[in-house]
Protein chains: 2
Amino acid sequence: MFENSSNTDLSALGEFGLIDQITAPAKKVQQSTITGVGDDAAVIEAGDRYLLVSSDMLLEGVHFDLSYAPLKHLGYKAVVVNLSDIYAMNGTPRQITVNIGLSSKFSVEAVEEIYAGIYMACDQYQVDLIGGDTTASKAGLVLSVTAMGTVDKDKVAYRKGAKETDLICVTGDLGAAYMGLQVLEREKTVFKGNPEAQPDLEGFDYILERQLKPEAQRGLIEFFKERQIQPTSMIDVSDGLASELLHLCKAGEVGCQVYMQKIPIDHTTAQTADEFNINPLVAAMNGGEDYELLFTVPVTEHEKLQDVPGLHIIGHITENGSGAFMVDDAGNKSQITAQGWNAFAQ
Amino acid sequence: MFENSSNTDLSALGEFGLIDQITAPAKKVQQSTITGVGDDAAVIEAGDRYLLVSSDMLLEGVHFDLSYAPLKHLGYKAVVVNLSDIYAMNGTPRQITVNIGLSSKFSVEAVEEIYAGIYMACDQYQVDLIGGDTTASKAGLVLSVTAMGTVDKDKVAYRKGAKETDLICVTGDLGAAYMGLQVLEREKTVFKGNPEAQPDLEGFDYILERQLKPEAQRGLIEFFKERQIQPTSMIDVSDGLASELLHLCKAGEVGCQVYMQKIPIDHTTAQTADEFNINPLVAAMNGGEDYELLFTVPVTEHEKLQDVPGLHIIGHITENGSGAFMVDDAGNKSQITAQGWNAFAQ
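Residues numbered from 1 in each chain as written. Chains lettered and ligands numbered in written order. Predicted model: local features only at pLDDT ≥ 70, side-chain atom pairs only at ≥ 80, totals over all residues. Heavy atoms only, no water.

A.B. asks: Please explain the overall build of chain A as it appears in this structure.
C.D. replies: Secondary structure assignment for chain A yields nine helices and 13 strands. Here the C-alpha atoms of chain A give a radius of gyration of 21 Å, agreeing with the 20 Å that 2.2 N^0.38 yields for 346 residues. Counting over 346 residues, chain A shows a buried share of 57%. In chain A, 84% of the contacts between residues at least 6 apart in sequence involve partners at least 24 apart. For chain A, the exposed surface amounts to about 14200 Å²; the carbon and sulfur share of it is 47%. Taking the average place of the 25 positive charges on the side chains of chain A and the average place of its 49 negative ones, the gap between the two points comes to 6 Å. (Helix = DSSP H or I, 4+ residues; strand = E, 2+ residues; numbered from the N terminus. Rg over C-alpha atoms; globule rule 2.2 N^0.38 Å. Buried < 20%, exposed > 50% of the residue type's maximum accessible area, 1.4 Å probe, protein only. Contact = heavy atoms within 4.5 Å. Areas by Shrake-Rupley, 256 points an atom, 1.4 Å probe, with all protein chains shown as cover. Lys, Arg positive; Asp, Glu negative; His and termini not counted. Charge placed at Lys NZ, Arg CZ, Asp CG, Glu CD.)

Structure (structure tokens):
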């Protein structure tokens, strides 16, 4: 009974284009809304601190494949990807709500496995599960999590705020979750061709764990507190380093320059990428699902960041209009473009 | 790769049984968590007030049917059902986040229709859309909304709190949304048999609107403020009056008695129920999706509730262990049982 006079494919806009379009009419009528759409989490006035709110949804067949994702890990991951957004605002997660849609093929025991993972994440990150919705689904498993956290008003870190000469830093290593996914997809294909085949996952532990059971970077927020560092901008790496660098540049109205040899890539990631004939740098720049934190700090903080394990200074912020560039070993510059992840591509 | 040693059907537990089972391990580690799972909204410490959080999910094929639900109404409804939970705590909704899963059959224009409904609800109820997630879905439209609101600490109304002799009150009328759904389902069946058929919806405006574009009872919260009334317990009517009465009794450890002739049923609802050979009382007691508010107040507040349009005193609270009963015109008592809605029944 509902018809459209015109029809524009979602893939024509892409995820970010669609978000821009549908959030354009958003108004702010509540005084307590500090910032809404457009950052890792929304910011709400809550007494002497800010409340942070972030919500993400994982759908079967899009974000995960039940043929290889253990349910417990899936529950864990659904929580962690949301907590990552709270940390990306320099905040501390406190509570989560979980909405779950279950098809009738699920048993009570299977649902308990998912919740075992959810509670494991609650325990690990010290957050409380405070509510949600449980419903039937005709269409596969749906996990929609909302995370709430708090941050001191003078400590909140937005995507915007990076200034020329600021150092660009990233935690951990990049591209591992993407290569883990490639291994899982390969084994699934093998299994489909020969159901007797045993999955060959040996030696891939690290990258598989990065894909199936990622962690959020709580340690960085504690490090900032200890060393009294205030990042000028921050974002979590969910869509790949390239996409996130461009977010920081766009939000901060600045350019950036990062150094190829500084991009942290684990040796298992690099080895696996070789095996798959994928450039490891592409996995790091465009793979996504790393849930590391990318941030900028004033160059004057350089000393405080020296020799910190798992922390990498990968470049610096440049003036507005200078563009976003990667510099290779020979000093050649190439422009950074975000393939990111077009959720609506066929 | 994931196997269960035992398999219990979800339908064996039902929705409430499943919720009890999966939320049993929930712990509270955060001081700021006042109450978690088990009420219309969770309650979080937020300075000198409480923050209320509620989250609900609507799934295609389960909660709505796109063959008759206009997309704009659907967006509106997805917001309203969440705001209803905030009002049910005697709170004022302030912000929402919206997670949406879209199959590739949706056009940009169709998505804009959904958001037009979302923004219409934001405007109507003065809430801000502050974030969310937009993603592809392989499995129909998914709308997961989280609503946040505030309430003065001494004004929060829980499901628990009803005391013996308290009056039981409900806003508006009941069973209309359920009868609206019956009409829509009938016309869909006719249309399937004969695609040339025009839907016969004349005269059903009220009950159709109650199903497709329900409203939340903001007026009651304002009324409480004006008249300085503090409800002793409150819940919104989403699963049918019977189910909600039993929730208030269980949470408050009390019994209840309600009077058949006091149950508010609109004449269109009653007429349509007759047409469908459904007892209108069954529609009111077990239909659901009314989004009215059911609450209790001390009997001493009786005067303040007299002659208030759209407010109905339907019974009173009885002592613990006395059970939940409906009294008919002849004085016969029948026990109230909740069919509610078993989301997992086949």
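A.B. asks: Just checking my understanding: could you explain helix α1 (residues 10-23) of chain A for this structure?
C.D. replies: Helical geometry: 3.6 residues make up each α-helical turn, so side chains three or four residues apart lie on a common side. Taking 1.5 Å per residue as the helical rise, α1 of chain A with its 14 residues ought to reach 20 Å, whereas the 15 Å between its terminal C-alpha atoms falls clearly short. Considering bend angle alone, the principal kink of α1 of chain A is centred on Phe 16 of chain A and spans about 80 degrees. Those residues of α1 of chain A lying buried are Leu 10, Gly 14, Glu 15, Leu 18, Ile 22 and Thr 23 of chain A. Close packing links the buried residues of α1 of chain A with β4 (92-102), α3 (108-125) and β5 (128-136) of chain B. (Expected span 1.5 Å × (residues − 1). Bend = angle between axes of the 7 residues up to and from the residue.)

A.B. asks: Even after reading the chapter, I still don't get the pattern of salt bridges, so can you show me in this structure?
C.D. replies: Two side chains bearing opposite charge may form a pair once their charged atoms approach each other closely. All names here are of chain A. For the structure on display, the rule yields 26 salt bridges over all chains. The closest approach of N and O atoms between Arg 210 and Glu 292, which form a salt bridge, is 2.9 Å. In this pair, Arg 210 is assigned in helix α5 (residues 205-212) and Glu 292 in strand β10 (residues 292-297), connecting sequence segments 82 residues apart. Residue classification places Glu 292 among the buried residues on the basis of a relative accessible area of 2%. Between Glu 215 and Lys 213 there is a salt bridge, with the nearest N and O atoms lying 3.4 Å from each other. (Salt bridge = Lys/Arg side-chain N within 4 Å of Asp/Glu carboxyl O.)

A.B. asks: What is the right way to read the domain arrangement of chain A from this model?
C.D. replies: A common way to report how large an interface is uses the accessible area buried once the components associate. Residue and element names in this part refer to chain A. One can read the domain layout of chain A as domain 1 (32-152) and domain 2 (167-335). A straight line from the C-alpha centre of domain 1 to that of domain 2 covers 22 Å. Contact with domain 1, which involves 24 residues of that partner, is made by 23 residues of domain 2. Roughly 2000 Å² of surface becomes buried between domain 1 and domain 2 when both sides are summed, with 54% attributable to carbon and sulfur atoms. On inspection of domain 1 and its partner domain 2, the count reaches two salt bridges. Close ionic contact of Lys 77 with Glu 289 constitutes a salt bridge, the shortest N to O distance being 2.8 Å. At the boundary of domain 1 with domain 2, the tally comes to ten residue pairs in polar contact (both at pLDDT 80 or more). (Domains from an automatic or database assignment. Buried area = accessible area lost by both parts, 1.4 Å probe. Polar contact = N/O pair within 3.5 Å; in protein donor to acceptor, adjacent residues only side chain to side chain.)

A.B. asks: Mind showing me how you'd approach the packing of helix α2 (residues 71-87) of chain A against helix α3 (residues 108-125) of chain A here?
C.D. replies: For any two helices packed against each other, one specifies the crossing angle of their axes together with the interaxial distance. Residue and element names in this part refer to chain A. Running from amino to carboxyl end, α2 crosses α3 at an angle of 35 degrees, the nearest separation of the two axes being 6 Å. Of the two possible hands of crossing, α2 and α3 adopt the one that is right-handed. Contacts between α2 and α3 involve Leu 71, Lys 72, Gly 75, Tyr 76, Val 79, Val 80, Leu 83 and Tyr 87 from the first element and Ala 110, Glu 113, Ile 114, Ala 116, Gly 117, Ile 118, Met 120, Ala 121, Gln 124 and Tyr 125 from the second. For the contact of α2 with α3, the per-class residue count stands at 13 nonpolar, three polar and two charged. (Axes fitted to C-alpha atoms, helices over the stretch in contact; angles between N-to-C directions. Left-handed = near helix turned anticlockwise from the far one by under 90°. Nonpolar A, V, L, I, M, F, W, Y, C, P; charged D, E, K, R; others polar.)

A.B. asks: Help me out: how do you make sense of the packing of aromatic side chains in this one?
C.D. replies: Each aromatic ring pair is specified by the distance between its two centres and by the angle formed by the two planes. Under the defined criterion, the tally for this structure stands at eight aromatic pairs over all chains. Here Phe 223 of chain B and Phe 224 of chain B contribute two aromatic rings whose centre-to-centre distance is 6.2 Å and whose plane-to-plane angle is 50 degrees, an arrangement assigned as tilted. The exposure class of Phe 224 of chain B is buried, given its relative accessible area of 2%. Consider the rings of Phe 224 of chain B and Phe 295 of chain B, whose centres lie 5.0 Å apart with planes at 85 degrees: the pair is edge-to-face. Taken as a pair, Phe 224 of chain B in helix α6 (residues 218-227) and Phe 295 of chain B in strand β10 (residues 292-297) lie far apart in primary sequence, 71 residues in all. Members of the aromatic cluster, each reached through a chain of ring pairs, are Phe 223, Phe 224 and Phe 295 of chain A. Taking NZ or CZ as reference, Lys 333 of chain A lies 5.4 Å from the ring centre of Phe 325 of chain A, over its face. (Phe/Tyr/Trp six-rings, centres within 6.5 Å; stacked < 30°, edge-to-face > 60°. Lys NZ or Arg CZ within 6 Å of the ring centre and 35° of its normal.)

A.B. asks: What's the story with the sheet that holds strand β13 (residues 333-335) of chain A in this structure? I'm lost.
C.D. replies: The strands that make up a sheet are held in pairs by hydrogen bonds between backbone atoms, and each pair lies either parallel or antiparallel. Residue and element names in this part refer to chain A. As summarised here, the arrangement of the seven strands in space is β8-β10-β7-β11-β9-β12-β13, forming an open sheet in which the pairing is mixed. Looking along the sheet, the strands with just one partner apiece sit at the ends: β8 (233-237) and β13. Within the sheet, the average angular offset between the axes of one strand and its neighbour, ignoring direction, is 25 degrees. As defined by bridge partners, strand β9 (residues 255-259) adjoins strand β11 (residues 311-318) across four bridges and the pair is classed as antiparallel. Of the residues in β11, the one forming a bridge with Cys 256 is Ile 317. Most of the contacts of helix α7 (residues 241-252) go to β8, to which it runs at about 155 degrees, and overall it touches β7 (167-171), β8, β9, β10, β11 and β12 (324-327). (Pairing = 2+ DSSP bridges.)

A.B. asks: Sorry, what's going on with the relation of the copies chain B and chain A here?
C.D. replies: A rotation about some axis, followed by a shift along it, carries one copy of the chain onto the other. By a simple turn and slide, chain B fits onto chain A: the slide is 0.0 Å along the axis, the RMSD is 0.0 Å, and the turn is 180 degrees. Taken together, the turn and the small shift mark the pair as related by a two-fold rotation axis. For chain B, the minimum C-alpha distance to the rotation axis belongs to Gly 47 of chain B and amounts to 2.0 Å. Both copies share a contact surface, since 99% of the interface residues of chain B are interface residues in chain A too. (Least-squares fit on C-alpha atoms with pLDDT ≥ 70 in both.)

A.B. asks: Could you clarify how one ought to interpret the interface of chain B and chain A in this entry?
C.D. replies: Contacts between the two partners involve 88 residues from chain B, matched on the other side by 87 residues from chain A. For the pair chain B and chain A, the summed buried surface comes to about 7100 Å²; carbon and sulfur atoms form 61% of the total. At the boundary of chain B and chain A, one finds two salt bridges. Here chain B and chain A share 40 residue pairs in polar contact (both at pLDDT 80 or more) between them.

A.B. asks: Could you clarify how one ought to interpret the sheet that holds strand β1 (residues 33-35) of chain A in this entry?
C.D. replies: Residue and element names in this part refer to chain A. With mixed pairing, six strands are arranged side by side in an open sheet as β1-β2-β3-β6-β4-β5. Two strands close off the open sheet at either side, each with one partner strand: β1 and β5 (128-136). Put simply, the sheet's adjacent strands are angled 25 degrees from each other on average, direction ignored. Of the pairings in the sheet, the one linking strand β2 (residues 42-46) to strand β3 (residues 49-59) comprises five bridges and is antiparallel in character. Each bridged residue has a counterpart across the sheet, and for Val 43 the counterpart in β3 is Leu 52.

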